[in-house]
Amino acid sequence: MKHLLPPEIESLWTLFTAPVVWAAHFVVCYAAVAIYCEKAAVWDVDFGNVRTALGIFTLLALAMIVLSAYLAWRQWGFGAGDPPHDGATDQDRKRFQGFATLLLSGLSFVAVVYVAIPLIFIAGCQQ
Amino acid sequence: MTGSSVSFVRFTPCRGACRGTSSWRGSALTAGTIILQSVILSSCSGVQSALDPAGPEASDVATLFHVMLIGGVVIWLGVVGALFHAGRRAREPYSERTAGLVILWCGAIIPVIVLAALLSYAVWLMPNMRPWSSGGEGGLRQIEVSGEQFWWRVRYLDPEGNVLFETANEVVMPVGERVLFVLKSPDVIHSFWIPSLGGKMDMIPGRTNRLALEASKPGTYRGVCAEFCGPSHALMAFSVEALERGEFEAWLSGRQNAASNPGSQGLALFLRHGCNACHAIDGTDARGTIGPNLSAFGARGTVGAGTLPNTEEHIARFIRHPSEIKPQARMPSFGMIPEGDAEEIAAYLKGLK
Ligand SMILES: [Cu+2]
């Protein structure tokens, strides 16, 4: 198995990745639009550009999450065994963590999509 | 509560219920039906109902509510159906695989899709945010409303933003035209809400919020403060009248030339007792700005921001004991002035049209 990170820490990092990407995406979207709307008069940038930029950022965030989901799926053995993985073995611990990471990635994916939905509908700042 | 204010509580959901009781037959079933009916009917109609919309924003809100309600009922029926299905006698166990699929679809995939649809629909409904919504706010008629403990200062502005005249606790607007409400507050957070016309918007000290509303049919509606702002928060309402364009223009020019009856005894008393420290009456020496402007007061429907019907008796009572009517109202009691003086002032104010 090829590892992106040293194997002892990889599983822990992938567990965190998806929720951290979700949090970062959330903060960036909200802060960017808030700052833009405050500075709109000064900056002379069209809101369409902000939407496009955040749209691209959203795709990057989703790609990150999909990557972490893939690593988790692999750690889970591609679904080779069924949960709950509650045996006191290294194998079960690894599978359990992989499965948890996979579920967290799914949740984060949906959350990022939901955070991005208003980008489709909100066409400008409310004065 | 006093008799007079009871008779004035005509905006409460009691209307349907009161009507319902007359057809009471004594049987529990009839009673139940009547109560249910009256709750449903009375809460759906009236001058202050988001479910009886009189403008496009409010119809959006009502539609959203109905969509949510029907969606909720469908989901509820599904869940209860599943419950009965699971609880039926002599059932075969599901295979592990089928159970997994049920959880995947009903527990994850379908809720995600339903929530995404609801979120999109609700965001799309937000006024001023639709890419394809009808233009911006430029050129709209502007009415500035300031929420103050516990009344509403209302200023009509000309297209350049200059104040045409000031009034209080009443909004008159033309039908079929989007009107821009410029919302402010000098003290605490209030919230401006005319349920029949649209959603609410907070009035925040130090900020100016804007809300464009349109009335699509003539009528009288009721607006309320929708953010707790102190002891008399619940007694902070205003009337909204939507007039046809011509009538509205007539009202506007009438208001700008409202009578002030300068020679009257009531005005002399008004000035002698110092009411002009806080109140203005256009065309007289009363120019106070702390309290509501009382020009054309007799033409308004209520006393004390929608609290009492506008009669001479109520005005006199309000003058002498404002905080008996509205707890902690920002007007001092004038219980010390002779009753006759209060009545004289009340008659004068009631005569201003
Ligand atoms: Cu209030």
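Engineer: Help me understand the overall build of chain B in this model?
Structural biologist: Counting its regular elements, chain B contains 10 helices and 12 strands. Considering only contacts within chain B whose residues lie at least 6 apart along the sequence, 59% involve residues at least 24 apart. Entry remark: accessible area of chain B is about 18,400 Å², with carbon and sulfur atoms responsible for 62%.

Engineer: When you look at the overall build of chain A in this model, what are you seeing that I'm missing?
Structural biologist: Regarding its fold elements, chain A presents three helices and zero strands. Overall, chain A shows an N-to-C arrangement of helices and strands of α-α-α. In chain A, which comprises 127 residues, the share counted as buried stands at 32%. When contacts within chain A are restricted to residue pairs at least 6 apart in sequence, those whose partners lie at least 24 apart make up 70%. Roughly 7,700 Å² of accessible area belongs to chain A as shown, and the carbon and sulfur atoms make up 71% of that amount.

Engineer: I keep staring at the packing of helix α2 (residues 47–75) of chain A against helix α3 (residues 90–121) of chain A and nothing clicks. Help me out?
Structural biologist: Two numbers describe a pair of packed helices, the interaxial angle and the distance between the axes. All names here are of chain A. For the pair α2 and α3, interaxial distance at closest approach is 8 Å and the crossing angle is 165°. Judged by the angle between their axes, α2 and α3 are roughly antiparallel. The handedness of the crossing between α2 and α3 comes out as left-handed. Residue classes in the contact of α2 with α3 are distributed as 16 nonpolar, nine polar and three charged.

Engineer: Which parts of the structure should I look at to understand the pairing of strand β6 (residues 190–193) of chain B?
Structural biologist: All names here are of chain B. Relative to strand β7 (residues 201–203), β6 runs antiparallel, the two sharing three bridges. Considered in β7, the bridge of F192 is made with M201. The pairing of β6 with strand β9 (residues 219–225) spans two bridges and is classified as antiparallel. Residue pairing across strands places F192 opposite C225, the latter belonging to β9.

Engineer: What is the right way to read the sheet that holds β7 of chain B from this model?
Structural biologist: Adjacent strands of a sheet pair through backbone hydrogen bonds, lying either parallel or antiparallel. All names here are of chain B. Across the sheet, which stays open at both edges, the five strands sit in the order β4-β10-β9-β6-β7 with mixed pairing between neighbours. The two strands at the open ends of the sheet, each matched to only one other strand, are β4 (170–174) and β7. With direction set aside, neighbouring strand axes in the sheet form an average angle of 25°.

Engineer: Would you mind going over the state of the cysteines with me for this structure?
Structural biologist: As used here, a disulfide is simply a covalent bond connecting the sulfur atoms of two cysteines. Residues and elements named next belong to chain B. Overall, the coordinates contain zero disulfides over all chains when judged by the stated rule. The structure places no disulfide on C275, whose sulfur is separated from the nearest cysteine sulfur, that of C278, by 8.8 Å. Look at C275 and you get buried, because its relative accessible area is 11%.

Engineer: Help me understand the pattern of salt bridges, please; the structure alone is not making it clear to me.
Structural biologist: Think of it this way: side chains of opposite charge can pair up when their charged atoms draw near. Residues and elements named next belong to chain B. Within this structure, the stated rule accounts for 12 salt bridges over all chains. Linking E57 and R178 is a salt bridge whose minimum nitrogen-to-oxygen distance equals 4.0 Å. In this pair, E57 sits in helix α4 (residues 56–87) while R178 sits in strand β5 (residues 178–184), placing the two residues 121 residues apart along the sequence. Two residues, E144 and R155, come together in a salt bridge whose shortest N-O distance is 3.0 Å. In this pair, E144 is assigned in strand β1 (residues 141–148) and R155 in strand β2 (residues 151–157), connecting sequence segments 11 residues apart. Taking relative accessible area as the criterion, E144 reaches 10% and is therefore assigned buried. Classification of R155 as partly exposed rests on a relative accessible area of 25%. One continuous salt-bridge network, built from bridges that share partners, spans E144, E148, R153, R155, E166 and K184.

Engineer: Could you clarify how one ought to interpret the coordination of the copper ion in this entry?
Structural biologist: Six octahedral donors around a metal ideally make angles of 90 or 180 degrees; four tetrahedral donors ideally make 109.5 degrees. All names here are of chain B. Binding of the copper ion to the protein goes through C225 (SG), E227 (O), C229 (SG) and H233 (ND1), at separations of 2.0 to 2.7 Å. Classification of the site at the copper ion as irregular follows from its four donor atoms and the range of 82 to 132° in their angles at the metal. The sequence motif formed by the donor residues of the copper ion is C-x1-E-x1-C-x3-H.

Rules of the game
Per-chain numbering applies: the sequence of each chain, read as written, is numbered from 1 onward. Lettering for chains starts from A, numbering for ligands starts from 1, and both go in the order in which the items are written. Note on the predicted model: pLDDT of at least 70 is required for a residue's local features to be given, and 80 or more for side-chain atom pairs to be given and counted; whole-chain, interface and lining totals, by contrast, use all residues. Only hydrogens and water are set aside when side-chain values are computed; all heavy atoms of the structure are taken into account. Helix and strand definitions follow DSSP, with helices as H or I runs of at least four residues and strands as E runs of at least two, each counted in order from the N terminus. Note on contacts: a residue pair qualifies if any of its non-hydrogen atoms lie within 4.5 Å across the two residues. To measure how exposed things are, a 1.4 Å probe is used in the Shrake-Rupley method; for residues, cover is taken only from the protein chains shown. Partly exposed residues are those whose accessible area sits between 20% and 50% of the maximum for their type, while under 20% is buried and over 50% is exposed, using a 1.4 Å probe and protein chains only. Axes here mean lines fitted to C-alpha atoms, for a helix over just the part in contact, with angles spanning 0 to 180 degrees between N-to-C directions. Any angle between 65 and 115 degrees counts as roughly perpendicular, while under 35 counts as roughly parallel, over 145 as roughly antiparallel, and the rest as oblique. What makes a crossing left-handed is the near helix being turned counterclockwise from the far one by less than a right angle; a clockwise turn instead makes it right-handed. Put simply, Ala, Val, Leu, Ile, Met, Phe, Trp, Tyr, Cys and Pro go in the nonpolar bin, Asp, Glu, Lys and Arg in the charged bin, and everything else, Gly too, in the polar bin. Only when DSSP finds a minimum of two bridges between them are two strands counted as paired. Disulfides are defined as pairs of cysteine sulfur atoms found within 2.5 Å of each other. Think of a salt bridge as a Lys or Arg side-chain nitrogen and an Asp or Glu carboxyl oxygen that are within 4 Å of each other. Here the term donor refers to an N, O or S atom within 2.8 Å of the metal (or 3.2 Å for Na, K and Ca), and because water is left out of the atoms, sites may appear incomplete. Under the classification used here, a metal with four donors is tetrahedral if each angle lies between 85 and 135 degrees, square planar if opposite donors are over 155 degrees apart and the others between 65 and 115, a six-donor metal meeting that same test is octahedral, and anything else is irregular.

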